[in-house]
Amino acid sequence: MSRVDAVPAPVPVLAGVLSVQFGGAPAATLVPEIGAAGSVVLRLGIATVLLVAIARPRWRGHSRRDLGTILCFGLAMGLMNFAFYGSLGHLPIGVAVTIEFVGPLTLAAVLSRRPRDPVAVGAAAIGVLLISRALSLPPDQLEGTGILLALAAGACWAAYIIFSGRTGAAFPRLEGPAPAMVVATVVVLPFGLWDVARHGTAAWDAEVLLKGVGIAVLSSVLPYSLELLALRRPAPAVFGILLSLEPAVAALAGLVVLGQRLSPVQLLGMVLVVLASVLVLGLGARRPRAELPV
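Please read all numbers here as calculations on a predicted model, not as lab measurements.

Engineer: Whenever I open this one, the packing of helix α1 (residues 10-34) against helix α11 (residues 246-258) confuses me. Can you help?
Structural biologist: Two numbers describe a pair of packed helices, the interaxial angle and the distance between the axes. At their nearest, the axes of α1 and α11 sit 9 Å apart, and the two run at 45° to each other. The angle between the axes of α1 and α11 places the two elements in the oblique class. In this structure, the crossing between α1 and α11 has a hand that is right-handed. Every residue of α11 that contacts α1 at Val 17, Leu 18, Gln 21, Phe 22, Ala 25, Pro 26, Ala 28 and Thr 29 is listed here: Glu 246, Val 249, Ala 250, Leu 252, Ala 253, Val 256, Val 257 and Leu 258.

Engineer: So what exactly am I meant to see when it comes to empty space enclosed by the protein here?
Structural biologist: Rolled over the atoms, a probe as big as a water molecule pinpoints where empty space is left. As enumerated under the stated definition, the model contains 2 cavities of 30 Å³ or more in all. As a volume, the second largest cavity reaches approximately 40 Å³. For the second largest cavity, the full set of lining residues is Pro 92, Gly 94, Ala 251, Gln 260 and Leu 262. Residue classes in the lining of the second largest cavity are distributed as 3 nonpolar, 2 polar and no charged.

Engineer: How do you make sense of the environment of Thr 145 when you look at a structure like this?
Structural biologist: Of note, Thr 145 is situated in helix α7 (residues 144-170). Along the primary structure Thr 145 and His 90 are separated by 55 residues, whereas in three dimensions their C-alpha atoms are 7.2 Å apart.

Engineer: What is the right way to look at the layout of surface pockets in this model?
Structural biologist: Space inside the second largest pocket adds up to approximately 160 Å³. Lining of the second largest pocket is provided by 15 residues; of these, Ala 36, Ala 37, Phe 82, Gly 86 and Arg 198 occupy positions nearest its centre. Listed by contribution, the elements that provide at least two residues to the lining of the second largest pocket are α2 (36-55), α3 (64-88) and α8 (177-199). Here the lining of the second largest pocket takes 5 residues from α8, the largest share from any one element. When grouped by side-chain class, the residues that make up the lining of the second largest pocket number 8 nonpolar, 5 polar and 2 charged.

Rules used in this analysis
- Residues numbered from 1 in each chain as written.
- Predicted model: local features only at pLDDT ≥ 70, side-chain atom pairs only at ≥ 80, totals over all residues.
- Heavy atoms only, no water.
- Axes fitted to C-alpha atoms, helices over the stretch in contact; angles between N-to-C directions.
- Helix = DSSP H or I, 4+ residues; strand = E, 2+ residues; numbered from the N terminus.
- Parallel < 35°, antiparallel > 145°, perpendicular 65-115°, else oblique.
- Left-handed = near helix turned anticlockwise from the far one by under 90°.
- Contact = heavy atoms within 4.5 Å.
- 1 Å grid on protein atoms, 1.4 Å probe; cavity = no way out; pocket = protein on both sides within 12 Å on 5 of 7 lines; lining within 4 Å.
- Points joined across faces, edges and corners; volume = space filled by probe spheres on them.
- Nonpolar A, V, L, I, M, F, W, Y, C, P; charged D, E, K, R; others polar.

Okay, structure coming up:
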């Protein structure tokens, strides 16, 4: 057994969750400086260069269907990041991730078709209402834009999961995600250029670029590498339970990195979403790893 194979399977999954969320927290500080689209282009652009250099994907020898899968995967990836980063301009990262998580949670419930799963999704919906403060604030004080963007990111995340599984089946290792990230960057690039014109090129200083490199590595390159390690020993129930912790990890990252604190009611809402996710994605899970959010 190699040293890599000796690493327990849950370790790379949990490390990937921590990497994504602690990489996403600094991204919230970029949005006011260079815009949501500018932040996404910076992250995806740097991550694309790194992944293409590492994976060296073969652009030929694939069917039109495989190339169509890559196109859809990249489109879902680009729009998911665009919508999520846009929500960070209006919501704390813990709130945004919790609302976004409804997308993959609903998809998993539909795929499994177990009687208990709709109940879990209903509990998650109540949790979202609590964490978004929709039940406690007047409509004119709600961050409607941020909530809608987070929900849109969740819908794109569900599409991302579907095409991620298909990409993993058609392309070995990182040869699928690398060209998909090229597509994602191209999709968001026009909006990013508009953000550059709006905020000015002076905003893209060395500090912003360095932060972009860190976000790209933590939110894209490292998680993909950890995912490959985890895929060697699939255990859907364990993976599902660990991935269900993403909202809680996001809230922790928001507190540690950004000083964002959630109210007790919002924390209760988050607990409901996490428990619903554990029920749907973890306990009794029998789905292939490719159908779980990564």
